[in-house]
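Results of the structural survey
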Amino acid sequence: MENERRVVSVIVVNEASVLSRITDLFSARGYNIESLTVAPIPDSKYSRLTIVTSGSVRVIEQIVKQLHKLIPVLKVYDHVDFVEKEMAMVKFPISEPINDIDTLCRAYNGKIVNLGDDVLIAMVVDEPKRVDQFLKAIKRFHPKEIVRGGTVALER
Amino acid sequence: MRISGAQMVIEALIAENVDTVFGYPGGAIMNVYDEIYKQNSFKHILTRHEQAAVHAAEGYAKASGKVGVAMITSGPGFTNAVTGLADAYMDSIPLVVISGQVPMSLIGTDAFQEIDAVGISRSCTKHNYLVTDASDLGRVLKEAFYIAASGRPGPVHVDIPKDVTAQLAEFDYTKPVELETYKPTTKGNLRQIKKAVEAIAAAKRPLFYLGGGIINANAAELVREFVHATQIPAVETFMARGTLRFDDPLLISMLGMHGSYAANMAMSETDLIIGLGARFDDRVTGKLSEFAKNAQVIHVDIDPASISKLVNAHYPIVGDVKNVLEEMVPLAKESVKPERYASWRETIANFDRLHPLSYNEEGDRIKPQWVIERLGQLLGDRANISTDVGQHQMWSAQFYPFTRPRQWVSSGGLGTMGFGFPAAMGVKRADPERISINVTGDGSILMNIQELMTAVEYKLPVINVILNNNYLGMVRQWQTLFYDKRHSETDLSVQPDFVKLVEAFGGVGYRVETKEAFDAALKDAVEKNVVAIIDVVVNRLENVLPMVPAGGSLFNMMLLEKKEKK
């Protein structure tokens, strides 16, 4: 069966060790995690996790059901029609052409966010695929460090 | 009411009507044991190993239908209990297991007898808690009992640091459980139920596939009604033994790796599986791609994750089997015509005539299967049967004449050697009027043999029947069949004298080499009503048959070559 990339959001009670319950489930049952983000939902006792995973239709169905089975899980969204974004930050040597980097960043909903003595830091926010492209494009500017934030998603 | 965490544990157990706690004290749980000393509401049974405490609680839970409770200390006390938690998790047994933990101030410092207990138990419990404040403890314990028993049952582990059991806080156990994120679906979807009944009425070769969920849901009576009203044949999983009476003409037998020929063939030929509380375990299905190829599937289960996990369900119904059947049986009675399946029943009867569950007698030598049959003839409904794991377990499932649910207590999913004896103690505690038998092997019995002391002390007269073949028989069988008879590390010729062994603990022992001696020993042990070992010397190289080799198709069985009786 064909493996499919899926974005799944999980609403969980924001309590101790809840994240381990989720990640333990993935490792125990041999499911993939490509990226995982988590943050509290404002003014509630819940947190929202966004997990990018992959698997056959049956595996994805199991992932959703097994997540539901965890006691502190309130809701699981297996996203179908959704908007997803990912943030990335990149550190460049200050010697690289700042204008070129800035132009490139703007094409990917980003900008230069910090200028120091030795390095500059740029950020972009875009769809994960576009972030991939961005990271490919900036290779020629000799990035020193790259950090990706992981995908977040909302159903339309 | 302001009381200590330790007192809260006692109050909660009393409020939950717990009459028995199986446990073992130690440093981190001492505050609670101090309160146990002061109370008279429930009995504490001191097992001689923490693993046995949890298995005993499992046996108690299985026989009684109530939540089993075990209590242990931190560190090694807890790690010893993990096998029991895992066993209960695999077999959906409701337990609350309470462990002590080092004080909060020492957590994370590699303190004496510290281990990350909730980290370990996370993957082998339905849920777990580390209680960090005594003001949470009442709520947590109430949730623990609720979660253990509701939905798909399972073990819940509550880890309590020592300073939390000493801490004073408000305690109110009357507040109802509020778990916004946990609401098991217990009522089946009526539209789906109607569609399923239509499918049954339209099927030519329907087959009931009865699983352990029926026992958990106390739905066996309804299942019997369903089966009899529709006259549709039924196979039982290992976990479901006792759902139908052994002499029910519609019960084919157990299916699976060591299921009967007729059960496995019926499953391979059916056009509609009516799955009730069963989970299509690999020991049941054999090779999945070949499993019940022509069948549509009705799958009723309390656990949505069990449905379409391995075998696609055409009629998925999430709900408690009992609730669902309450809707389904009356509908089926209206529309299902029993005579429709007459030729299908005849086909199955022919399968059974062709290769009945059987074995070859060999003169006066005791065949292990004979022991089980004989136990059944002599004790029948009067006994509850626990087992360990291995050949004796399969023979027990195949040959004991089960008459009722909760009569059969065995480690199915995890396959835990050492389960049987402590479980049989728990069974005896839950159902003291009946005889508690542990059918075991010469390998398994030594895995929790220290429990002889517990059974003697608390007058839990379990009769351990060892089918002694001087082998780890099941592994030996695989070695014989699949490893060219290289019997690697399975020869158990060196053995204790089991008679002396049980006598040393204060029980009675019998070494049995003839059928007459077996009858006499069993009669004596039952009459004396004491802890016993009947060490039965059986045929060494007997194999469990039929057998579907691991990964093989269900219909490709190794079968018994029947020898004519001389």
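Counting secondary structure elements, chain A contains 4 helices and 8 strands. Walking chain A from its N terminus toward its C terminus, one meets helices and strands in the order β-α-β-β-α-β-β-α-β-β-α-β. Overall, the C-alpha framework of chain A stretches about 55 × 40 × 30 Å when taken along its three principal axes. The buried share among the 156 residues of chain A stands at 44%. Sequence separation of 24 or more characterises 71% of the internal contacts of chain A that already satisfy a separation of 6 or more. As presented, chain A carries roughly 8,400 Å² of accessible surface, and 53% of it is formed by carbon and sulfur atoms.

All names here are of chain B. Parsing chain B into structural domains produces domain 1 (2-170), domain 2 (190-354) and domain 3 (368-537). Computed over C-alpha atoms only, the centres of domain 1 and domain 2 are separated by 37 Å. Each partner contributes to the interface: domain 1 provides 7 residues, whereas domain 2 provides 6 residues. Contact with domain 2 buries surface across domain 1, with K62, D91 and R152 losing the most and accounting together for 62% of the total. The interface formed by domain 1 and domain 2 holds 1 salt bridge in total. Two residues, R152 and D303, come together in a salt bridge whose shortest N-O distance is 2.7 Å. The interface formed by domain 1 and domain 2 holds 3 residue pairs in polar contact (both at pLDDT 80 or more) in total.

The next thing to look at is the packing of helix 1 (residues 5-15) of chain B against helix 6 (residues 134-149) of chain B. Packed helices, taken two at a time, are described by their axes: the angle between them and the distance between them. Residue and element names in this part refer to chain B. Packing of helix 1 against helix 6 leaves a shortest axis separation of 10 Å and a crossing angle of 25°. Regarding the angle of helix 1 to helix 6, the classification is roughly parallel. Both helix 1 and helix 6 take part in a crossing whose hand is right-handed. In this structure, helix 1 contributes G5, M8, V9, A12 and L13 to the contact, and helix 6 contributes A134, L137, G138, L141 and F145. A breakdown of the residues in the contact of helix 1 with helix 6 according to their chemical character gives 8 nonpolar, 2 polar and no charged.

Between chain B and chain A, the contact holds 19 residues from the first and 18 residues from the second. Considering only the side of chain B, the residues that lose the most area to chain A are B:R122, B:H127 and B:T181, jointly responsible for 38% of the buried surface there. Summed over the shared surface of chain B and chain A, the number is 3 salt bridges. Put simply, A:K69 and B:D303 hold a salt bridge, and the shortest N to O gap is 2.7 Å. The interface formed by chain B and chain A contains 9 residue pairs in polar contact (both at pLDDT 80 or more). Its residues assigned to classes, the side of chain B that touches chain A comprises 8 nonpolar, 5 polar and 6 charged.

This part takes up the pattern of salt bridges. Taken as a whole, this structure holds 42 salt bridges over all chains when the rule is applied. Because the salt bridges share partners, they merge into one network encompassing B:E362, B:R365, B:K367 and B:E542.

What follows covers the domain arrangement of chain A. All names here are of chain A. Considered domain by domain, chain A is made up of domain 1 (4-79) and domain 2 (83-155). With 9 residues of domain 1 at the contact, the number on the domain 2 side is 9 residues. Taken over both partners, the interface formed by domain 1 and domain 2 buries close to 640 Å², and the fraction arising from carbon and sulfur atoms is 49%. The largest share of the area that domain 1 buries against domain 2 comes from R5, T37 and H79, three residues that together contribute 52% of it. Linking domain 1 with domain 2 are 1 salt bridge, by the criterion used here. Of the charged contacts in the structure, one is a salt bridge between E84 and R5, with a shortest N-O distance of 3.1 Å. If you look at where domain 1 meets domain 2, you find 5 residue pairs in polar contact (both at pLDDT 80 or more).

All names here are of chain B. Across all of its chains, the model carries 1 cavity of 30 Å³ or more by this definition. Of the volumes computed, that of the largest cavity is approximately 40 Å³. Taken together, S358, Y359, Q369, W395, Q398, F399, N543, V544, L545 and L560 form the lining of the largest cavity. Ranked by residues supplied to the lining of the largest cavity, first place goes to helix 16 (residues 391-399) with 3 residues. Class assignment for the residues of the lining of the largest cavity results in 6 nonpolar, 4 polar and no charged.

The next subject is the sheet that holds strand 16 (residues 408-409) of chain B. Residue and element names in this part refer to chain B. The parallel open sheet is built from 6 strands, whose spatial order is 16-15-17-18-20-19. Either end of the sheet is taken by a strand with one partner, and the two such strands are strand 16 and strand 19 (508-512). Both strand 18 (residues 463-468) and strand 20 (residues 532-537) contribute to a ladder of 6 bridges, which runs parallel. When the sheet's bridge partners are listed, N468 is paired in strand 20 with V537. Contacting strand 15 (383-387), strand 16, strand 17 (435-441) and strand 18, helix 17 (residues 420-430) crosses the sheet at an angle of about 175° to strand 17.

Reading the values: the criteria
- Residues numbered from 1 in each chain as written.
- Chains lettered and ligands numbered in written order.
- Predicted model: local features only at pLDDT ≥ 70, side-chain atom pairs only at ≥ 80, totals over all residues.
- Heavy atoms only, no water.
- Helix = DSSP H or I, 4+ residues; strand = E, 2+ residues; numbered from the N terminus.
- Buried < 20%, exposed > 50% of the residue type's maximum accessible area, 1.4 Å probe, protein only.
- Contact = heavy atoms within 4.5 Å.
- Areas by Shrake-Rupley, 256 points an atom, 1.4 Å probe, with all protein chains shown as cover.
- Domains from an automatic or database assignment.
- Buried area = accessible area lost by both parts, 1.4 Å probe.
- Salt bridge = Lys/Arg side-chain N within 4 Å of Asp/Glu carboxyl O.
- Polar contact = N/O pair within 3.5 Å; in protein donor to acceptor, adjacent residues only side chain to side chain.
- Axes fitted to C-alpha atoms, helices over the stretch in contact; angles between N-to-C directions.
- Parallel < 35°, antiparallel > 145°, perpendicular 65-115°, else oblique.
- Left-handed = near helix turned anticlockwise from the far one by under 90°.
- Nonpolar A, V, L, I, M, F, W, Y, C, P; charged D, E, K, R; others polar.
- 1 Å grid on protein atoms, 1.4 Å probe; cavity = no way out; pocket = protein on both sides within 12 Å on 5 of 7 lines; lining within 4 Å.
- Points joined across faces, edges and corners; volume = space filled by probe spheres on them.
- Pairing = 2+ DSSP bridges.

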